[in-house]
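# Remarks on the overall topology
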Amino acid sequence: MMKLISCSSWVEVNIQIQMNDQGFTTRVLHTRYLKNDPHGSLHMPVYDSVAFEFDRAEDMELTFLGRKQDHVYSRISNPTVENLEQIILGITGALTVTALSSGMAAISNLLLTLTETGSNIITSKHLFGNTYSLFEYTLKPFGLEIRYADLTDANAVDKLIDNKTRAIFLETITNPQLEVVEMKVLSEIAKKKNIPLIADTTITPPYLFDSKKHGVDIEVISSTKYISGGATSIGGLIIDNGTFDWSQSNKFKDEAIKYGPFALSVKLKREVFRNLGACLSPHNAYLQSLGLETLPLRVDKSCSNTLAIARHLQGLSQVQSVNYPGLTDSKFYEISKKQFGEKPGAILTFDLDSKKQCFIFMNNLKIIRRATNLNDNKTLIIHPASTIFCEYSPETKQQMGVRETMLRLAVGIEDKIDLINDINNTMEIINN
Ligand SMILES: *Cc1c(COP(=O)(O)O)cnc(C)c1O
């Protein structure tokens, strides 16, 4: 009973923040925090406070029982963090949003909520390096089975599902392979077998991709990337679209009776997230909500820069191949266009002749920076095989599609011509 009441307060939040027909940017800027600020502050201030005081012991009891929604302790909830969560609710129309200390915290908290020893998940080997490491080296020893499949092969996925399967996990555009699967197809299989479809949408966050429309039940995002904007802070998000019927799941049947569509969110927020303690700091929540305000402007610019650079690289003799789903000759062009429109993220990869050439190229760039982030405002370059994937054997790298000759460019919002000139000048050095 008590938890039902706490769920209904989430319902209230959703009704009040409900999506309206305003545009994305207007909603980002004008989704209001549910409590008025005593000073009329236009920005949610940074509530750098661990604990929150109550006027009466009775209110304190009700809050601890979950019958009243107030902030108690910042590991559990905090006004500045909740403000960011409410803006994300406002732009996605999701059921619940949980902000965490990093993208990896989002993925690990979600999987620890959904799975148990002896259960399994289905995913691809084409994963962000640390996600693969989390699955293979951290979660597997606890008895979670990781079933790898070619997610573009729907039949193969279907065959791997059994009554211990807890989720299908994918990345919308894999990094660094830039592979795109048709999520509607996987979603139909997942629905038929009563398991949720999880997508890591870091490279295509809300604005670029409407996850609900494409059958994704739960989204995880590294808000470190596009959302933070200027690469100011680490953060992560779990977005439950509320589309999965937990009464049909093998694991959440009992919770579904008590909490209905909130079954997963209750277990996450009231247990796993609270107990693991990977909360987002209020200061980072502040920086990320500020970053979010300019997301559409930055995404438009970086995506158009990426397409221009991809086309330019295709015309250079030193470049063996260019991979970007926005190129019409990419094998993922059509499916990518269907899901992400004309802006399939701001990451491209290209191959030179050798690892040595890749290093010479990197070392001579003047504007493009050597660093391992994505969706910074600045353009960044990395040689994935010798860095993010350095701990894996040549065979594993091959299975992951990580070649020694490949460079990854995470394109920023600089003036296009300066980036192209930097590339041209550096290619001339390779020639000599
Ligand atoms: C960066 C990244 C992560 C991890 O996020 P952190 O915020 O660095 O923990 C997960 N998935 C993808 C696709 C990423 O690019």
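This section reports on the structure supplied with the text. This one's a predicted model, so the numbers in the text were calculated from it and none came from an experiment. (Residues numbered from 1 in each chain as written. Predicted model: local features only at pLDDT ≥ 70, side-chain atom pairs only at ≥ 80, totals over all residues. Heavy atoms only, no water.)

Reading across the sheet, the 5 strands line up as β8-β9-β12-β11-β10 and stay open at both edges, with mixed pairing between neighbours. Where the open sheet ends on each side, the last strands, each with one partner, are β8 (321-323) and β10 (369-370). Where helix α12 (residues 295-314) meets the sheet, it contacts β8, β9 (347-351) and β12 (406-410), and its direction lies at approximately 10° from that of β9. (Pairing = 2+ DSSP bridges. Helix = DSSP H or I, 4+ residues; strand = E, 2+ residues; numbered from the N terminus. Contact = heavy atoms within 4.5 Å. Axes fitted to C-alpha atoms, helices over the stretch in contact; angles between N-to-C directions.)

Between helix α5 (residues 103-114) and helix α10 (residues 263-276), the least distance of the axes is 9 Å, while the angle of their chain directions is 120°. The angle between α5 and α10 places the two elements in the oblique class. Seen from above, α5 lies across α10 with right-handed handedness. On α10, the residues touching N109, L110, L112, T113 and L114 of α5 are L264, K267, L268, V272, F273 and L276. (Parallel < 35°, antiparallel > 145°, perpendicular 65-115°, else oblique. Left-handed = near helix turned anticlockwise from the far one by under 90°.)

Before going further, it helps to spend a moment on the packing of aromatic side chains. Enumeration according to the criterion identifies 9 aromatic pairs in this entry. Aromatic ring contacts, followed pair by pair, group Y132, Y148, F389 and Y392 into a single cluster. Here the guanidinium or amino end of K125 rests over the ring plane of Y148, the centre of that ring lying 5.1 Å away. Above the ring of F128, the side-chain terminus of K225 is found at 5.2 Å from the ring centroid. (Phe/Tyr/Trp six-rings, centres within 6.5 Å; stacked < 30°, edge-to-face > 60°. Lys NZ or Arg CZ within 6 Å of the ring centre and 35° of its normal.)

For the coordinates displayed, the defined rule picks out 3 cavities of 30 Å³ or more. Its volume calculated, the largest cavity comes out at about 70 Å³. Lining the largest cavity are L307, Y324, P325, G326, Y333, S336, K337, G341, E342 and P344. Looking at side-chain class alone, the lining of the largest cavity contains 5 nonpolar, 3 polar and 2 charged residues. (1 Å grid on protein atoms, 1.4 Å probe; cavity = no way out; pocket = protein on both sides within 12 Å on 5 of 7 lines; lining within 4 Å. Points joined across faces, edges and corners; volume = space filled by probe spheres on them. Nonpolar A, V, L, I, M, F, W, Y, C, P; charged D, E, K, R; others polar.)

The next subject is the site of the ligand. Taken together, 13 residues form the shell around the ligand, and within it G103, D200, S222, T224 and K225 come nearest. With respect to the ligand, the side chain of D200 contributes an N or O atom lying 2.7 Å from a nitrogen atom. Here an oxygen atom of the ligand sits 2.8 Å away from a polar atom, N or O, in the side chain of S222. The fraction of the free accessible surface of the ligand (380 Å²) that becomes covered by protein chains is 90%. By residue class, the composition of the shell around the ligand is 4 nonpolar, 7 polar and 2 charged. (Near = heavy atom within 4 Å. Polar contact = N/O pair within 3.5 Å; in protein donor to acceptor, adjacent residues only side chain to side chain. Areas by Shrake-Rupley, 256 points an atom, 1.4 Å probe, with all protein chains shown as cover.)

Note: strand β2 (residues 120-123) against strand β3 (residues 145-148), 4 bridges, orientation parallel. Bridging from a neighbouring strand, I122 pairs with R147 of β3. In this view, the connection linking β2 to its parallel neighbour β3 by way of helix α6 (residues 129-139) has right-handed handedness. (Right-handed = clockwise from strand over helix to strand, strands pointing away.)

This paragraph deals with the sheet that holds strand β1 (residues 96-100). As summarised here, the arrangement of the 7 strands in space is β1-β7-β6-β5-β4-β2-β3, forming an open sheet in which the pairing is mixed. The two strands at the open ends of the sheet, each matched to only one other strand, are β1 and β3. The mean angle between the axes of side-by-side strands here comes to 20°, regardless of whether they run parallel or antiparallel. Note that β1 and strand β7 (residues 236-240) share 5 bridges and pair antiparallel. Note that in β7 the partner of T96 across the bridge is D240. Packing against the sheet, helix α4 (residues 79-92) makes contact with β1 and β7, and its axis sits at approximately 140° to β1. Set on the sheet, α6 makes contact with β2, β3 and β4 (165-171); between it and β3 the angle comes to about 130°.

Residue position: S336 is located in helix α13 (residues 333-340). By relative accessible area, S336 is classed as buried at 1%. Ignoring anything within four residues of it in the chain, the contact list for S336 reads V180, P325, G341 and P344. (Buried < 20%, exposed > 50% of the residue type's maximum accessible area, 1.4 Å probe, protein only.)

By the definition in use, this model includes 18 salt bridges. Among the ionic pairs, K251 bridges to E116, the shortest N-O distance being 3.4 Å. In this pair, K251 is assigned in the loop between β7 and α9 (253-259) and E116 in the loop between α5 and β2, connecting sequence segments 135 residues apart. The exposure class of E116 is partly exposed, given its relative accessible area of 26%. Here E271 ties to K267 by a salt bridge, and the two come within 3.0 Å at their closest N and O atoms. You can see E271 and its partner K267 sitting in helix α10, 4 residues apart, about one turn around the helix. Of the residues examined, K267 reaches a relative accessible area of 17% and is grouped as buried. Connected via shared salt-bridge partners are K35, K68 and D70. (Salt bridge = Lys/Arg side-chain N within 4 Å of Asp/Glu carboxyl O.)

With respect to the helices, strands and loops of the structure, S222 is situated in strand β6 (residues 218-222). Residue S222 is classed as buried on the basis of its relative accessible area, which comes to 10%. The contact partners of S222, leaving out residues within four places of it in the chain, are G103, T202, G235 and G236.

This part is about a nonpolar patch on the surface. Taken together, V50, Y73 and I76 make up a surface patch of nonpolar side chains, about 260 Å² in accessible area. With respect to the helices and strands, the residue I76 is situated in the loop between α3 (57-64) and α4. (Patch = residues over 30% accessible without salt bridge, like charges linked within 9 Å, V, L, I, M, F, W, Y side chains within 5 Å.)

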